[in-house]
Each structure stands twice: as structure tokens, then as C-alpha cells.
Amino acid sequence: MSRIQIAGGIPLKGEVRIQGSKNAALPLMAASVLHQGKTILHNCPDILDVEYMSEILRELGCTVLRRSDTLVIDAANLCRYRITETYATRLRASVILLGSLLGRKGQVEIPYPGGCSIGTRPIDLHIRALEQLGAITETRENRIFLSSKRLSGAEIQFPFPSVGATENGILAAVLAEGDTKLCGCATEPEIGELCAFLRQKGAQIEVDGGNVTIHGRARLQDSEYTLMPDRIVAGTYLCAAAGTRGNVVLRNAVPEHLLAPIEILKKTGALIETGEDWIQIDGTAAEHSVEYMETAPYPGFPTDLQSQLMAVLTEAEGISIIRENVFDSRFQTAEELKKMGAEIRTEHGMAQIAGPAKLQGAEVISRDLRGGAALVIAGLMASGTTVVDGCHLIDRGYVNICRDLKSLGAGIVRS
Ligand code: EPZ
């Protein structure tokens, strides 16, 4: 497995440009198969998850070409509806193709996406929404098969604002007969991005907070779209700056997407200023603990930044409490942080972090994408050398975390 080696103790300083959003790129790539034509995505991050999704689209009969940060997808010749094990197991987010393949082909078959290291991750809310739109579901040998002669609009209430289920509901409704009203939707910025992308393609969609109305049977057209910046990559680098007591400017960032993390980092003592497309953080005094913080669906504190914040809090003065409300097992990075001297106790979705721990460099293993980024942050903060193993997981979501952090003065190399 690939490894990252970090010589810690250097405060990050300088500017870094934030990449395009992984969690916008994936649903927009899925949406592109609704249309028998071309989609151009600019500012599309060159990361493993996008590569895996590109392979799946090619397997379905699309052409997908990358020219630097631009992806050109042509779905005219899409001819298959079955997603094979190879990629579906590599990319859980391939489940996001259920809605658009059902809309385009009237059927879709996919291996049941397994859980992963952050939780069981069922897809019951996806299936229930698609069935309400007229899909018939069959399960055979751990594969799920959905078919529908004709999808028709419905009023759907999500019991939980699932990002993926919301996206699948929207995608299936675009070509359905009649109007669909989705209530209790996720309101993450990536949902708004998907709706803006689909409107540009010709769909008629209204968004009102957690309610999305889609007027079906849209006639879609070729389109060219520029992806928004990745708010989780931006939040990761804010945490790295706070943890190393550095001073960093993020360019091509959207402060409005990060209000909850900015508020929490200010509680640690970090000074943060923002502009239209930039965020500056002075982490010199980011040494206070956070009495209590919990993750929540947007606009709450994002679960995807929970591990990174935990790393920062290992060196805060005092006791911090983090409650993880979104996934049922997203504290596995704590065990790796404890190898570096962190004092963390986890129980029933709560983590108690006692600091300052005076982290020491160690050999640690990335167990998931965001946990790996958290271990890199801990390595930047620790004294001595840290080696993070399993960095292919980090490559799923970060174009080049070593290049970005090195540009901010970090002592970091890929081995
Ligand atoms: C998206 O995953 C993101 N992935 C995740 O980011 C992110 O952590 C998550 O939303 C929450 O913000 C992409 O956008 C590709 P959910 P998704 O459906 O859609 C439960 C990263 O690091 N649930 O909102 O899978 C589920 O088990 C990744 O970039 C059901 O019970 O998240 C979880 O506990 C990690 N039944 C909770 O809801 C369902 O049918 C949130 O899941 C669906 C979900």
C-alpha cells in the first residue's frame, strides 16, 4: 500500500487553491446518462472515485475523456443497464446510478453496495423512493434489480435527509411522467449543484429548502458545467492550519458552505476571515477545547470533517466532546490517533478527547478516506516522523494532498 511520510511540527503558511467537489462530480456524472448526448464538466477533480465512476460509465457504453480538469462524457451510445461487481464494490457511490439508469433505460441492476468502514450504509430510502415512482424491485444473489415500464411522478417524504436517496429521487423524477414532490430532502450544497446542473440541461426543478419539485418528461440537451469547490477538502485544510497553529489562505473556496466548521474552529481560538471566494485562517491561538460538538446533516457540522476536527482537538487544552450522529461507526481513526499518544475515549457515538496530548510521530493506517486525511493532519501536528499507510484511500477524494500541503510548507512526501 502507498504511504505518506510527514516530518511534523511545522506551522502551515501560504495559499492553496481548492479542487472541484468530489461529491458534486459523482451525482453529476450519474445525471449525464439521463441524456442521449454530451456533457462537459469543468473543474472536475482527477481523483480515484471519479476514475471509478468514469470506468462504470464506459462499461455502460458511454465515452468518457479527461482533458486536464475537464471531463467530456458522451452518453448517446449507452447500451447497458447492469453494473458489475468490479466497480460497484470499489465505488459505493455507484448506487447513485439507480435513478438515472431507471429513467434512461427503464431498468438497472447493481450489486448490493456493501457497508464500509464508516457504517452499514443501507439503501432502503433509495429503494423506497424509486418504488414510489413506479419501480419494481427484485433481489437476486446479492444483486438488486429495478425495472419500470414508465416512471410516474409522486409525492415522497424522506424520513431522513439522505444525500444519496435525495439525489436518486431527483434523477429518477426528471424523465418520469408528471410532477414529483420530494419532501424532507438533504440540503447539502451538492443537492443544489445537481439541480442547477439539471436545469441547465433542460429539466424543470424548483428547490425550496428541503422540498424539491421536479416537472418530469424533460427534454434534455448537451451542456457544459463548472463544478463548485470541494467544501470537505477546504475544511480539511482549515483543520490542518488550525492544528499546526499556522496561517493559511484558501483560494476558490465557498465560505457559505463551511459556516458550521468555521464556527467550531473559531471556538478553538482560530481567527478566520472570509471573502467571496476565499477563507483565511490564523490558527496561532487555536488551542482551546470544544466542550461539545455534534455532526448533523447540512447545514450542521459535516460528518466528513469529524475525524479531521478530532485530530485538531487532541492538542487542545482540556476536554472536548464530539457526538457522531450521521454514521454508526465513524470513530475508527481514534485508534490510530491513540498510537500517536492521543487521549481519546469512544463509546456509543460519543468521543471524549483530552488534550494537549503532545502527539508523537508513529506508523498509522488510513481506514477510510476522511480518517486518512485526519491522520495526515495529526502527522503535521506531531513531533517526529509519522508514516500514514493506506493512502490510496486518501486519493479517492484528494487530488494531491501532498502537493497541496507541501505548498504550505509541510514536510511531507509520498513514498
Ligand atoms: C454522502 O453519502 C457522501 N458521499 C458522504 O461522503 C457523506 O458522508 C454523506 O453523504 C453524509 O453527508 C457522496 O456524496 C458520494 P447519506 P451518502 O445517504 O449519500 C443512512 C465522503 O467522505 N441511510 O446521507 O451515502 C446511512 O446509513 C463520503 O466524501 C439509511 O439508513 O450518505 C447514514 O447513516 C463519506 N438508508 C446516513 O443515512 C438509506 O437508504 C447518511 O447517509 C440511505 C442512508
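Everything here concerns the structure above.
For clarity, every value in this text was computed on a predicted model and none was experimentally measured.

### What about the overall build of the chain?
Secondary structure summary: the chain contains 13 helices and 23 strands in total. The C-alpha atoms of the chain give 21 Å as radius of gyration, which agrees with the globular expectation for 415 residues (22 Å, within 12%). Once the C-alpha set of the chain is aligned to its principal axes, its extents read approximately 60 × 45 × 40 Å. Relative to its 415 residues, the chain shows a buried fraction of 58%. Counting contacts in the chain only where the partners sit at least 6 residues apart, residues at least 24 apart contribute 72% of the total. When the accessible surface of the chain is split by element, carbon and sulfur atoms take 48% of a total near 15800 Å².

### Here we look at the layout of surface pockets
Size it by volume and the second largest pocket reaches roughly 250 Å³. Leu34, His35, Gln36, Gly103, Arg104, Leu175, Arg217, Ala218, Arg219 and Leu220 together form the lining of the second largest pocket. Among the residues making up the lining of the second largest pocket, the classes are represented as four nonpolar, three polar and three charged.

### With respect to the environment of Leu78
Tracing the chain through its elements places Leu78 in the loop between β5 (70–74) and α3 (85–90). The exposure class of Leu78 is buried, given its relative accessible area of 6%. The spacing of Leu78 and Cys62 is 16 residues in sequence and 5.2 Å in space, taken between C-alpha atoms. Leaving out residues up to four positions away in the same chain, Leu78 has contacts with Val33, Leu60, Gly61, Cys62, Leu101, Arg104 and Lys105.

### A word on the packing of aromatic side chains
Taken as a whole, this structure holds two aromatic pairs when the rule is applied. With 5.7 Å between their ring centres and 85° between their planes, Phe197 and Tyr225 make a pair best called edge-to-face. Here the residue Phe197 occupies a position in helix α7 (residues 189–201), and Tyr225 occupies one in strand β13 (residues 223–226), the gap between them amounting to 28 residues. Taken individually, Phe197 and Tyr225 each receive the classification buried, so the pair is uniform in this respect. The cationic tip of Arg140 hangs over the ring face of Phe145; the distance from NZ or CZ to the ring centre is 4.6 Å.

### With respect to the sheet that holds strand β17 (residues 293–294)
Read from one edge to the other, the open sheet built from four strands follows the order β17-β18-β20-β19, with strand pairing classed as mixed. Both edges of this open sheet fall to β17 and β19 (343–347), since each of them pairs with a single strand only. Alignment of strand β18 (residues 318–323) against strand β20 (residues 350–355), held across six bridges, turns out to be antiparallel. In the sheet register, Ile322 faces β20, and the bridge partner there is Ala351. Against the sheet, helix α10 (residues 306–313) engages β17, β18, β19 and β20, with an angle of about 170° to β18.

### Looking at the site of the ligand
Taken together, 23 residues surround the ligand, and among them Asp124, Leu125, Ser162, Asp304 and Val326 come closest. Between the ligand and Val163, the relevant distance is 2.9 Å, taken from an oxygen atom to a main-chain nitrogen or oxygen of the residue. Residue Arg370 places a side-chain N or O atom 2.9 Å away from an oxygen atom belonging to the ligand. Within the complex, the protein chains bury 85% of what would otherwise be the 830 Å² of accessible surface of the ligand. Breaking the shell around the ligand down by element, the ones donating at least two residues are α1 (22–31), α5 (124–132), α6 (163–174) and α12 (369–381). When the residues that make up the shell around the ligand are grouped by side-chain class, the tally is eleven nonpolar, five polar and seven charged.

### Structural notes on the packing of helix α8 (residues 231–243) against α10
To characterise two packed helices, one gives the angle between the axes of the helices and the distance between these axes. Here α8 crosses α10 at 5°, and the two axes come no closer than 9 Å. By the angle between their directions, the pair α8 and α10 is classed as roughly parallel. In contact with Ile232, Thr236, Cys239, Ala242 and Gly243 of α8, α10 contributes Gln308, Leu309 and Val312.

Cut-offs and rules
Residues numbered from 1 in each chain as written. Predicted model: local features only at pLDDT ≥ 70, side-chain atom pairs only at ≥ 80, totals over all residues. Heavy atoms only, no water. Helix = DSSP H or I, 4+ residues; strand = E, 2+ residues; numbered from the N terminus. Rg over C-alpha atoms; globule rule 2.2 N^0.38 Å. Buried < 20%, exposed > 50% of the residue type's maximum accessible area, 1.4 Å probe, protein only. Contact = heavy atoms within 4.5 Å. Areas by Shrake-Rupley, 256 points an atom, 1.4 Å probe, with all protein chains shown as cover. 1 Å grid on protein atoms, 1.4 Å probe; cavity = no way out; pocket = protein on both sides within 12 Å on 5 of 7 lines; lining within 4 Å. Points joined across faces, edges and corners; volume = space filled by probe spheres on them. Nonpolar A, V, L, I, M, F, W, Y, C, P; charged D, E, K, R; others polar. Phe/Tyr/Trp six-rings, centres within 6.5 Å; stacked < 30°, edge-to-face > 60°. Lys NZ or Arg CZ within 6 Å of the ring centre and 35° of its normal. Pairing = 2+ DSSP bridges. Axes fitted to C-alpha atoms, helices over the stretch in contact; angles between N-to-C directions. Near = heavy atom within 4 Å. Polar contact = N/O pair within 3.5 Å; in protein donor to acceptor, adjacent residues only side chain to side chain. Parallel < 35°, antiparallel > 145°, perpendicular 65-115°, else oblique.

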